[in-house]
Amino acid sequence: MSEVKKVATRPLPKAEEFDTKEFWAGTKDKEFRYQQCTDCNKVIFYPRRHCTGCTNGKLEWKVASGDATVYSYSVVRQSYHPFFRNLVPYAVAWIDLDEGPRILSNVIKVAAEDVEIGMKLKLEWEEHEELNIPLFSPR
Amino acid sequence: MSQKRDAAIVGIHEYPSRDVEGEISPLQMKAECAARALEDAGLTWADVDGIYDAGDGGGAMNGLTIAEYFGLKPTVINTTGVGGSSYEFHAAQAKRDIAAGKCKVALLTYGSTAHSNARAIGVGGRGAGSMHPAENMDAFAGQTLIANYAMVAKRHMFEYGTTSQQLAEISTATRYHAMRNPEAVQAMEDLEFLDIRETTIDDVVNSRMIADPLHLLECCMISDGGGAVVIASPEVARNCKKPPVWILGSGEATKYPENGGDITTSAAAQSGPIAFAEAGVTAAEMDIAMIYDSFSITVLALLEDLGFCKKGEGGAWVEGGKLRFDQSGGPALNTDGGGLSSNHPGMRGIFLLIEAARQLRGESTSQVATAKLAVAHGNGGMLGSRHAAGTIILGAD
């Protein structure tokens, strides 16, 4: 009996999740979408249906340029996750987009040890069938 | 002083084993600990009219499960679940419930078989997306729990010049205390720690890097474990077997990622001042600091946020071994050996209350002779993203 070997893949988000589905839909067009309130101007990210700055705000979808900066990071050297265990060492980071949103992502196309706080980044898309994943590389 | 003494810890028990080898369930552990803690207080099941529970074994209707399993008819049922800080929230809420006359004897219970279940809590990576919107945004990045805390340490180092040698002070102080606690030594043996002994700063910074900048000896163990705490009204407390340990103040707070936010400051910066103000004391007066030591950086950030020193000065402040029970210049830190070297089954909050009570009764294996005041601070969730914080100030009779 031969076993069918399943190649582990990156854990992907659920495209139909209520609050974040518009963001993930945007990734199909390689757009990094975020929300801003037209009443109080607060930038909302992660996406939500309601404004957290005012009680009757109207949220407008915008598209970020993709330019960003490393706020903090770590080099993961040990993981038991079937996908990430084969990726170590890799850099996971809190990344600030120029327009305000802060996202958890990976810094790629650079040795994980060479990532630095304050490093200027640009958006990269890792392609998948249903949606694309926003990653970042040095610019 | 206008210090209120509305409620006191009167009974405590910590399950002695950290490796139960599948021979006892979390629910059974809770019942065992509850019975021993009630005995410690000189009370019985029939005296309990408030139950406070978190942790494993109870299912979706945990409060109902626990009441039936213990055979109780409580009038207060509280299952606030905020991870490792749950029991500080429970203590705060029990004090309020007792002061309001809603119950007289509150029973807090915890049980977990995280080690036996081989749950890779720290390095398990994260699962696939969930229907929780925040998790649905985070899961793809492969941030392990340790990396989450490591990102706080990286930013702390960047902003304030904190070093790994300074962070290692947390690990060496807790190990120093663990080596004096037979249950902690047994725990490290059962969990197959290598080379069990007091550690040096060099030992810590030369141990294997798990997620930069955190080394193996800056990370807590994953054990089995359980515990129970009995909190009672002043009238009940006066007739208990052991001297009461008064709950003088409490604070509760949350923190989560915010665009442009500062991850070196935790929810303790909100809960700490509320608790100290209510108790009418300051951090500098604390003899004992039971601070949730999931990782070295957790303690450093929390000490700053609780007001032991200013934000950013924690690295220099902890230098020189001053957190050991037999040194002056700072509080005795995690005198049972902490989550780093004694007991961490996933939600350590109850053990912070238990060891603080031991100190204020004079029962610790690293006893501070003049211990009168203690702070127990639980951090639940993840320091580098979303977490809850509960601060409890305790005073000897």
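Let me sum up the structure you'll find in this document.

Calculation notes
Along each chain, numbering runs from 1 in the same order as the chain's sequence is written. Chains and ligands are labelled by the order in which they are written, letters from A for the one and numbers from 1 for the other. Where totals are concerned, whole chains, interfaces and linings use all residues; where local detail is concerned, this predicted model gives features only for residues with pLDDT of at least 70, and gives and counts side-chain atom pairs only at 80 or more. Hydrogen atoms and water are omitted, and side-chain values are computed over all heavy atoms in the structure. Helix and strand definitions follow DSSP, with helices as H or I runs of at least four residues and strands as E runs of at least two, each counted in order from the N terminus. When checking whether two residues touch, look at their non-hydrogen atoms; a contact exists if any pair is within 4.5 Å. Here the open area of atoms and residues is found with the Shrake-Rupley method and a 1.4 Å probe, where only the protein chains shown may cover a residue. By definition, the buried area sums, over both parts, the 1.4 Å-probe accessible area that each loses when the two are put together. Any carboxyl oxygen of Asp or Glu that lies within 4 Å of a side-chain nitrogen of Lys or Arg is treated as forming a salt bridge with it. Pairs of N or O atoms within 3.5 Å make up the polar contacts considered here, provided that, within protein, one atom can donate a hydrogen while the other can accept it, and that residues adjacent in sequence are counted only when both atoms are side-chain atoms. Note on definitions: angles span 0 to 180 degrees between N-to-C directions of axes, and those axes are lines fitted to C-alpha atoms, for helices only across the stretch in contact. Any angle between 65 and 115 degrees counts as roughly perpendicular, while under 35 counts as roughly parallel, over 145 as roughly antiparallel, and the rest as oblique. In this scheme the handedness of a crossing depends on how the near helix is turned from the far one: anticlockwise by less than a right angle means left-handed, clockwise means right-handed. Any residue that is not Ala, Val, Leu, Ile, Met, Phe, Trp, Tyr, Cys, Pro, Asp, Glu, Lys or Arg is counted as polar, Gly included; the first ten are nonpolar and the last four charged.

Turning to the overall build of chain A, a few remarks are in order. Secondary structure assignment for chain A yields one helix and eight strands. When the helices and strands of chain A are read in sequence order from the N terminus, they spell out α-β-β-β-β-β-β-β-β. Principal-axis analysis of the C-alpha atoms gives chain A an extent of 60 × 40 × 25 Å. Across chain A, contacts joining residues at least 24 apart in sequence account for 54% of those joining residues at least 6 apart. Counting only carbon and sulfur atoms, one obtains 46% of the accessible surface of chain A, whose full area is about 7,500 Å².

This part covers the interface of chain A and chain B. Many authors give the size of an interface as the accessible area that is lost as the parts come together. Contact with chain A, which involves 43 residues of that partner, is made by 42 residues of chain B. When chain A packs against chain B, the two sides together hide about 3,500 Å² of surface, and 60% of this comes from carbon and sulfur. The tally of links between chain A and chain B comes to one salt bridge. As a salt-bridge pair, Arg77 of chain A and Asp212 of chain B come within 2.6 Å of each other at their nearest N and O atoms. Applying the counting criterion to the chain A and chain B interface returns 20 residue pairs in polar contact (both at pLDDT 80 or more). Of all the elements in the fold, those that place two or more residues in the side of chain A that touches chain B are helix H1 (21–27), strand E2 (43–44), strand E4 (68–76), strand E5 (90–97), strand E6 (102–107) and strand E8 (132–138) of chain A. Ranked by residues supplied to the side of chain A that touches chain B, first place goes to E4 of chain A with six residues.

The next thing to look at is the packing of helix H1 (residues 26–41) of chain B against helix H2 (residues 62–70) of chain B. Residues and elements named next belong to chain B. Their axes nearest at 11 Å, the elements H1 and H2 cross at an angle of 55 degrees. Comparing the axis directions of H1 and H2 gives the class oblique. The handedness of the crossing between H1 and H2 comes out as right-handed. Across the interface between the two elements, Leu27, Gln28, Lys30, Ala31 and Ala34 of H1 pack against Asn62, Thr65, Ile66, Tyr69 and Phe70 of H2. Its residues assigned to classes, the contact of H1 with H2 comprises six nonpolar, three polar and one charged.

Take it as geometry only, folks, not as evidence of what the structure does.
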